[in-house]
Amino acid sequence: MTKPAYPIRTRRLTLRPFTLDDHAALHSWQSRPDVVRYLYGEARTPEETADSLASKMSVTWPEKEGDHLALAVEHDGEVIGEAVLKWLSEAHRQGEVGYIFHPDHHGRGYATEAAAAMLDLGFTHLGLHRVVASCDASNEPSWRVMERLGMRREAHFRHNEIFKGAWGEEMIYAILEDEWHRMADSRWRPSGA
């Protein structure tokens, strides 16, 4: 396990730990009902966003099972979203990736590019064997990102929980370390990796 040097640069993006200066950017999407409709919880107040930011700042690299690494994603110097790598199991070398972007930046491939950098961190730096991703089944743009990353759909859970007052459906995707290394080429590897 080797902590990467920050910032991480991809073709168009810069990923780095969050700082206090990122509150306004983080709140710009955490406060939007259209962003949180597929996430647990509701739109956040500025104070709730401050608590969320403090949590994100507390982990700059997963040191133990259960840690969640959230990196700010910048494009041309503007924070436009976040990418997450969760260390689910040390014994089984399992992790999970996720991403949230401000709607003004949807549809440009940024989530795919940032999530690819997180997959590379998980496999190359954290030594993971398997990484999963999940989303609400009706969030097609999110599961399309997973497919573009080369992840395979492993499950479609129907009515698996009551989510925001109705039965929810969840899609589960995964990719293995050897699959990632076989398919990852220069378009996914962060600059300098």
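See the structure printed just above.
What counts and what doesn't
Residues numbered from 1 in each chain as written. Predicted model: local features only at pLDDT ≥ 70, side-chain atom pairs only at ≥ 80, totals over all residues. Heavy atoms only, no water. Helix = DSSP H or I, 4+ residues; strand = E, 2+ residues; numbered from the N terminus. Buried < 20%, exposed > 50% of the residue type's maximum accessible area, 1.4 Å probe, protein only. Core = buried A, V, L, I, M, F, W, Y, C linked by side-chain atoms within 4.5 Å. Contact = heavy atoms within 4.5 Å. Expected span 1.5 Å × (residues − 1). Arc of directions from axis to C-beta. Pairing = 2+ DSSP bridges. Phe/Tyr/Trp six-rings, centres within 6.5 Å; stacked < 30°, edge-to-face > 60°.

## Observations concerning the overall build of the protein
Reasoning step 1: Regarding its fold elements, the protein presents 6 helices and 8 strands.
Reasoning step 2: Helices and strands in the protein line up, N terminus first, as β-β-α-α-α-β-β-β-α-β-α-β-β-α.
Reasoning step 3: Considering only C-alpha atoms, the protein reaches an extent of 40 × 40 × 30 Å along its principal axes.
Reasoning step 4: Counting all 193 residues of the protein, 47% fall into the buried class.

## Considering the nonpolar core
Reasoning step 1: The biggest cluster of nonpolar side chains holds 40 residues, and the ones touching the most others in it are Leu 15 and Met 118.
Reasoning step 2: Per-element accounting of this core gives the leading share, 10 residues, to helix 4 (residues 110–125).
Reasoning step 3: The residues touching Met 118, leaving out its near neighbours within four places in the chain, are Leu 15, Leu 69, Leu 71, Ala 83, Val 84, Leu 85 and Val 97.
Reasoning step 4: Judged by nonpolar contacts, the second largest core, of 10 residues, contains Phe 18, Trp 29, Ala 70 and Ala 72.

## Let's talk about helix 3 (residues 46–57)
Reasoning step 1: Between its first and last C-alpha atoms helix 3 spans 16 Å; for 12 residues at 1.5 Å apiece the expected length is 16 Å, and the two agree.
Reasoning step 2: Every buried residue of helix 3 is accounted for by Thr 49, Ser 52, Leu 53 and Lys 56. The buried side chains of helix 3 occupy one side of the element, clustering within an arc of 100° when seen end-on. Exposed residues lying more than 90 degrees from the buried face of helix 3 are Glu 47 and Asp 51.
Reasoning step 3: Of the surrounding secondary structure, the elements contacted by the buried residues of helix 3 are helix 1 (23–30), strand 3 (68–75) and strand 4 (78–89).

## With respect to the pairing of strand 5 (residues 94–101)
Reasoning step 1: The element strand 5 is largely enclosed, with a buried count of 7 among its 8 residues.
Reasoning step 2: Examined bridge by bridge, strand 4 and strand 5 share 8 bridges and lie antiparallel to one another. Its bridge partner being in strand 5, Lys 86 is matched across the sheet by Glu 96.
Reasoning step 3: Between the antiparallel neighbours strand 4 and strand 5 lie 4 residues, among them Arg 93 with a positive phi of about 55°.
Reasoning step 4: Relative to strand 6 (residues 130–136), strand 5 runs parallel, the two sharing 3 bridges. Its bridge partner being in strand 6, Gln 94 is matched across the sheet by Arg 130.

## Some words on the packing of aromatic side chains
Any two aromatic rings considered together are summarised by their centre-to-centre distance and by the angle between their planes.
Reasoning step 1: Counted according to the given criterion, the structure contains 2 aromatic pairs.
Reasoning step 2: Seen from their ring centres, Tyr 40 and Phe 163 are 5.4 Å apart, and the 85° between their planes marks the pair as edge-to-face. Of this pair, Tyr 40 sits in the loop between helix 2 (33–36) and helix 3 while Phe 163 is found in strand 7 (residues 152–163), placing the two residues 123 residues apart along the sequence.
Reasoning step 3: You can call Tyr 40 exposed: its relative accessible area is 62%.

## Comments concerning unusual backbone geometry
Reasoning step 1: Looking along the chain, the bond that leaves Tyr 6 and enters Pro 7 is cis, with omega of 0°.
Reasoning step 2: One can find Pro 7 in the segment before strand 1 (8–9).
Reasoning step 3: The backbone of Arg 93 shows a phi angle near 55°, a positive value even though the residue is not glycine.
Reasoning step 4: For Arg 93, a relative accessible area of 34% corresponds to the partly exposed category.

## Digging into helix 5 (residues 140–148)
Residues three or four positions apart in an α-helix share a direction because the helix packs 3.6 residues into each turn.
Reasoning step 1: Ser 142, Trp 143, Val 145 and Met 146 are the residues of helix 5 that are buried. Considered in projection along helix 5, the buried side chains sweep an arc of 145° and stay on one side of the axis.
Reasoning step 2: Downstream of helix 5 by a residue or two, Gly 150 has a phi angle that is positive, lying close to 90°.

Keep in mind these numbers describe shape, not what the thing actually does.
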